Amino acid sequence: MQELHDAPLAPLTTFRLGGPATRLITAATDAEVIDAVREADAGGTPLLLIGGGSNLVIGDKGFDGTALRIATRGFELSGTTLELAAGEVWTDAVARTVEAGLAGVECLSGIPGSAGATPIQNVGAYGQEVSTTITEVIAYDRRAGETVTLANGECAFTYRHSRFKADPERYVVLRVRFRLEDADGLSAPVKYAETARALGVEVGDRVPLATARDTVLKLRAGKGMVLDPEDHDTWSAGSFFTNPILTDADFAVFRARVRERLGEGVEPPAYPAGEGHTKTSAAWLIDKAGFTKGYGTGPARISTKHTLALTNRGGATTEDLLALAREVVAGVRETFGITLVNEPVTVGVSL
């Protein structure tokens with residue numbers, strides 16, 4: 001294991017924000033990960049897990065404890081079964097599944113971060129979520145002091161949520177197993193309308209895997225959602241807020257408020273979200289509340305390509321970012337009566 005003291009954490013995050021950690025350990029094997037976690041727990045030392053750093057907002061004061069960077073590697077494909085080590089770069093792993101002719105995660109191309117983070121967030125985009133292909137998650141259970149294997153049904157997956165996110169102090173994801181589909185080189189059925197339009201097909205159709213991947217990458221790049229060190233629109237955590245899911249009664253109240261504020265002919269986005277619930281668009285809410293692309297005058301601004309992304313234009317602090325986030329949350333609440341929830345994990349700070 002590599003060990004550093006008073007180590008900068010900002011370079012390990014896609015925001016490029018945050019102060020140093022008292023100690024930074026980089027673990028390259030599952031055994032090293034477990035040893036570092038056990039040592040921290042035995043000593044009562046606060047522990048921060050870092051994978052790809054694409055979903056972290058770290059405070060300017062940094063982290064007073066041990067930051068553990070999980071840098072494990074492992075890509076094992078047997079038939080349609082895939083096992084990934086937690087430290088594998090997610091978008092690279094997706095590319096390899098496409099090259100292997102297997103469907104199921106091709107629309108998750110370009111998402112930054114590590115494989116181990118995908119079950120925690122139940123990562124999803126363009127009509128796919130990892131919860132539909134994950135079969136098992138192998139994790140170290142800090143409470144029990146042992147490695148456990150959790151089947152899909154035990155992971156409590158919901159929209160951008162899971163058992164692991166609900167109890168972040170308990171589990172350390174080590175490996176993730178997936179079951180993909182051999183559809184003779186074709187993608188899974190296209191579920192997302194925007195993707196279908198870009199592909200020139202109908203929702204439910206299949207397309208060549210490489211075509212699906214390339215199309216998603218172009219869509220993401222157009223929104224600043226593919227990492228590029230030279231493009232400040234990608235100095236972000238991707239979508240900063242989750243799409244609100246409302247009860248049907250709350251959605252009716254919201255719909256009436258939209259008409260009151262924006263006019264009788266205006267209808268808010270609405271998507272089925274399970275019995276008695278409707279999902280609406282956080283990006284739409286932000287835009288219609290007056291926070292358009294490029295909003296802001298300081299070093300932290302809304303992306304010029306997508307209203308859901310808050311960005312570091314260079315030289316920003318975490319407090320700059322949080323001030324912008326709080327302004328957006330307050331504005332949307334005032335306009336529409338809906339409180340947006342941040343998707344990235346905050347460390348030492350909160351909205």
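All of these numbers come straight from a predicted model, not from anything done at the bench. (Residues numbered from 1 in each chain as written. Predicted model: local features only at pLDDT ≥ 70, side-chain atom pairs only at ≥ 80, totals over all residues. Heavy atoms only, no water.)

A. A look at the overall build of the chain. Counting its secondary structure elements, the chain contains 9 helices and 20 strands. Taking 2.2 N^0.38 as the reference for a compact globule, 351 residues should give roughly 20 Å; the C-alpha atoms of the chain span a radius of gyration of 20 Å, in line with that estimate. The buried share of the chain, taken over its 351 residues, is 51%. Across the chain, every contact between residues at least 6 apart in sequence was considered, and the portion connecting residues at least 24 apart equals 61%. Counting every atom, the chain has about 15,200 Å² of accessible surface; 49% of that belongs to carbon and sulfur. Looking at the chain, you have 35 positive and 45 negative side-chain charges, and the mean spots of the two groups are 3 Å apart. (Helix = DSSP H or I, 4+ residues; strand = E, 2+ residues; numbered from the N terminus. Rg over C-alpha atoms; globule rule 2.2 N^0.38 Å. Buried < 20%, exposed > 50% of the residue type's maximum accessible area, 1.4 Å probe, protein only. Contact = heavy atoms within 4.5 Å. Areas by Shrake-Rupley, 256 points an atom, 1.4 Å probe, with all protein chains shown as cover. Lys, Arg positive; Asp, Glu negative; His and termini not counted. Charge placed at Lys NZ, Arg CZ, Asp CG, Glu CD.)

B. Quick look at the nonpolar core. Core analysis: the largest hydrophobic core is formed by 32 residues, its most contacted members being F241, F254, I286, V328 and L340. Among the secondary structure elements, those contributing two or more residues to this core are α7 (248-262), α8 (282-288), β18 (300-302) and α9 (318-336). Apart from the residues within four sequence positions on either side, L340 is in contact with F241, T242, P244, A282, L285, I286, V328, V329 and V332. Core analysis: the next-biggest nonpolar cluster, separate from the first, contains 31 residues, L82, V94, V130 and I134 among them. (Core = buried A, V, L, I, M, F, W, Y, C linked by side-chain atoms within 4.5 Å.)

C. Quick peek at the pattern of salt bridges. Taken as a whole and judged by the stated rule, the model has 19 salt bridges. Here E3 makes a salt bridge to R23, at a shortest N to O gap of 3.5 Å. Placement of the pair is E3 in strand β1 (residues 2-8) and R23 in strand β2 (residues 20-27), with a sequence separation of 20 residues. Residue classification places E3 among the partly exposed residues on the basis of a relative accessible area of 40%. For R23, a relative accessible area of 14% translates into the label buried. Across the pair R326 and E319 runs a salt bridge whose closest N-O atoms are separated by 3.6 Å. Take R326: its relative accessible area is 32%, and that puts it in the partly exposed class. E319 gets classed as partly exposed once you look at its relative accessible area, which sits at 38%. (Salt bridge = Lys/Arg side-chain N within 4 Å of Asp/Glu carboxyl O.)

D. View of helix α1 (residues 30-43). If you check α1, its first and last C-alpha atoms are 20 Å apart, about what 14 residues at 1.5 Å a residue would give, namely 20 Å. Along its buried surface, α1 packs onto β2, β3 (47-50), β5 (63-70), β11 (134-141), β12 (146-151) and β13 (171-179). Downstream of α1 by a residue or two, G44 has a phi angle that is positive, lying close to 70°. (Expected span 1.5 Å × (residues − 1).)

E. Here's a closer look at helix α6 (residues 209-222). Relative to the 20 Å expected for 14 residues at 1.5 Å per residue, α6 spans 20 Å between its end C-alpha atoms, a close match to the ideal helical length. By the burial criterion, the buried members of α6 are L209, A212, R213, T215, V216, L219 and R220. The buried residues of α6 occupy one face: seen down the axis, they fall within an arc of 165°. The positive-phi residue at the C-terminal boundary of α6 is G224, with phi of around 70°. (Arc of directions from axis to C-beta.)

F. Main features of the packing of aromatic side chains. Within this structure, the stated rule accounts for 9 aromatic pairs. Ring plane angle 80° and centroid distance 5.6 Å describe the contact between F164 and Y171, whose orientation is recorded as edge-to-face. Of the two residues examined, F164 and Y171, each falls in the buried class. Members of the aromatic cluster, connected to one another through ring pairs, are F251, F254, W284 and F336. (Phe/Tyr/Trp six-rings, centres within 6.5 Å; stacked < 30°, edge-to-face > 60°.)

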